[in-house]
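Below, each chain spelled out in residue letters.
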Amino acid sequence: MIRFTGKKGQASLILGMALLFLITLCGFAFASGGGGNSHDQMLNLFYRILNFTLLVIILVVVVKKTSMLRFFGERRDEIKEKLEALAKERQTAESRSRELETKLGEFEVQKKEILEQFRAEGAKEKALIITEARERAAQLISQADHTIEREIQGATERLKQEVVEMAALRAEEIIAKGINDSDQDHLVDEFIKSVEKLH
Amino acid sequence: MTGSKISKRYAKALLSLGQEDGNYGEYGENLKEFAGLCTDNPEFSKVIGNPVFSVEDRKKVLNAVLEESAFADLVKNFLRLLLDKNRIGGVEDVSAYYTQLTDEISNIIRAEIVTARPLKDEVMDKLDVVLSKITSKTVKAKVEEDESLIGGLVVKIGDLVLDGSVRAQLEGLKESLKRGENN
């Protein structure tokens, strides 16, 4: 027994009734047209309508009995779920994209900051290196000045020593040549006087 | 150092005996004469001090010399004792220390005078007087000549050195000039 429940069932019933009404209407129209073999033609039409009706019923039964509707329903649900999932994924992807864009923006800012920081540190380091180099150069110059001064002093001192040595040697030669017994007596007297003072 | 200490002991022993009989001066002279003999005759010194030869042989040589000498018997026996004890090689040290000891007893001090030119007698007398004053002892001076002093003299008394030479004055002047003391 065929039951027409739900909206789909009612729609099928209405469709079936409308179809039957149209066929009947077509029969009446054909009959009112007149003709010789009207009985055969009506019978032929009746068979055809019956054949068609049976075909429709069989189709409805087959459709109802088989899982075709359920299959299509499930398939529709599945597609719907997939669409929803894809929509969610799309939203997630868009969210992720926005997030990545935000992060990319932040990275750009950080990159600029890091570059600025490195540039600042580089400039600072450069200034420090230059300052140290200048100080070191000043120290080297100072040391060189001191070394030169010491060398000059040393050379002056050595020259002085040599002059003194030569002068003393020359004085010794002159004195040795010029000294006589009278000088010796005078020297001895002076020595004796100096020794007496010790007492 | 050990040899020096032993020499001092022998010198003190001989001096002690000399002080007992009052002849320490004569003993000192004898000892100095024998030390001078050893210095002047190194071969004799080598023979009597060489342990390769027997003591008897060395003593015969020593006795032969001593018999010809006018040394006091005590000094002769002292020298034989040194030979017996194998200390005859240090007789010069013994003599030197003995002289030092006798000088202390006699309040004598030895001075070494080095002069550039010969000193006159009156100068030597003056030096004896003035050196005796500063040492409070009788000074016995030994004079040597050294032309390198240029002029003046140098007196050495023990550790005391009195330098009145021209060379020393020149050295002093030279050092002052080197230090930059121009005044």
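As a reminder, the structure under discussion sits directly above these lines.
The structure presented is a predicted model; accordingly, all values stated were derived computationally and were not measured.

Undergrad: What's the story with the overall build of chain B in this structure? I'm lost.
TA: Assigned secondary structure in chain B consists of 8 helices and 4 strands. Scanning chain B from its N terminus toward the C terminus, one meets helices and strands in the order α-α-α-α-α-α-β-α-β-β-β-α. Burial statistics for chain B: of 183 residues in total, 28% are counted as buried. In chain B, 67% of the contacts between residues at least 6 apart in sequence involve partners at least 24 apart.

Undergrad: How should the pairing of strand β1 (residues 108–115) of chain B be read in this particular structure?
TA: Residues and elements named next belong to chain B. Burial along β1 is one-sided: Ile-109, Ala-111, Ile-113 and Thr-115 are buried, and none of Ile-108, Arg-110, Glu-112 and Val-114, which face the opposite way, are. Pairing analysis gives 8 bridges linking β1 to strand β2 (residues 138–145), with the strands arranged parallel. Across the sheet, residue Ile-113 finds its bridge partner in β2, namely Val-143. Chirality of the crossover, the property in question, places the unit of β1, helix α7 (residues 121–135) and β2 among those that are right-handed. As paired elements, β1 and strand β3 (residues 153–157) share 4 bridges and run antiparallel to each other. Residue Ile-113 lies in a different strand from β3, and its bridge partner there is Val-155.

Undergrad: What's the story with the packing of helix α2 (residues 24–40) of chain B against helix α5 (residues 73–84) of chain B in this structure? I'm lost.
TA: When two helices pack together, their arrangement is captured by the angle between the axes and the distance separating the axes. Residues and elements named next belong to chain B. α5 packs onto α2 with a crossing angle of 45° between their chain directions and a minimal axis gap of 9 Å. Taken together, the axes of α2 and α5 are oblique relative to one another. Between α2 and α5 the crossing geometry is right-handed. The residues of α5 that touch α2, namely those facing Tyr-27, Asn-30, Leu-31 and Phe-34, are Leu-74, Val-75 and Leu-79. By residue class, the composition of the contact of α2 with α5 is 6 nonpolar, 1 polar and no charged.

Undergrad: Just to check I follow, could you spell out the sheet that holds β2(B) for this structure?
TA: In any sheet, the strands associate via hydrogen bonds between backbone groups, in a parallel or an antiparallel arrangement. Residue and element names in this part refer to chain B. With mixed pairing, the 4 strands of this open sheet are ordered in space as β2-β1-β3-β4. Two strands in the sheet have a free side with no partner beyond their single neighbour: β2 and β4 (160–163). Put simply, the sheet's adjacent strands are angled 20° from each other on average, direction ignored. Most of the contacts of α7 go to β2, to which it runs at about 130°, and overall it touches β1, β2 and β3.

Undergrad: Hey, could you run me through α5(B) in this one?
TA: Each turn of an α-helix holds 3.6 residues, which means side chains three or four residues apart point in the same direction. Residue and element names in this part refer to chain B. The terminal C-alpha atoms of α5, which comprises 12 residues, lie 16 Å apart, in line with the 16 Å expected from a rise of 1.5 Å per residue. Along α5, the residues classified as buried are Val-75, Phe-78, Leu-79, Leu-82 and Leu-83. End-on, the buried residues of α5 take up no more than an arc of 140°, which puts them together on one face. In α5, the exposed positions that point more than 90 degrees away from the buried face belong to Asp-73 and Asp-84. In the segment just after α5, Asn-86 is the residue with positive phi, at about 60°.

The rules behind each value
- Residues numbered from 1 in each chain as written.
- Chains lettered and ligands numbered in written order.
- Predicted model: local features only at pLDDT ≥ 70, side-chain atom pairs only at ≥ 80, totals over all residues.
- Helix = DSSP H or I, 4+ residues; strand = E, 2+ residues; numbered from the N terminus.
- Buried ≥ 20, exposed ≤ 12 C-beta atoms within 10 Å, placed from the backbone.
- Contact = placed C-beta atoms within 7 Å.
- Pairing = 2+ DSSP bridges.
- Right-handed = clockwise from strand over helix to strand, strands pointing away.
- Axes fitted to C-alpha atoms, helices over the stretch in contact; angles between N-to-C directions.
- Parallel < 35°, antiparallel > 145°, perpendicular 65-115°, else oblique.
- Left-handed = near helix turned anticlockwise from the far one by under 90°.
- Nonpolar A, V, L, I, M, F, W, Y, C, P; charged D, E, K, R; others polar.
- Expected span 1.5 Å × (residues − 1).
- Arc of directions from axis to C-beta.

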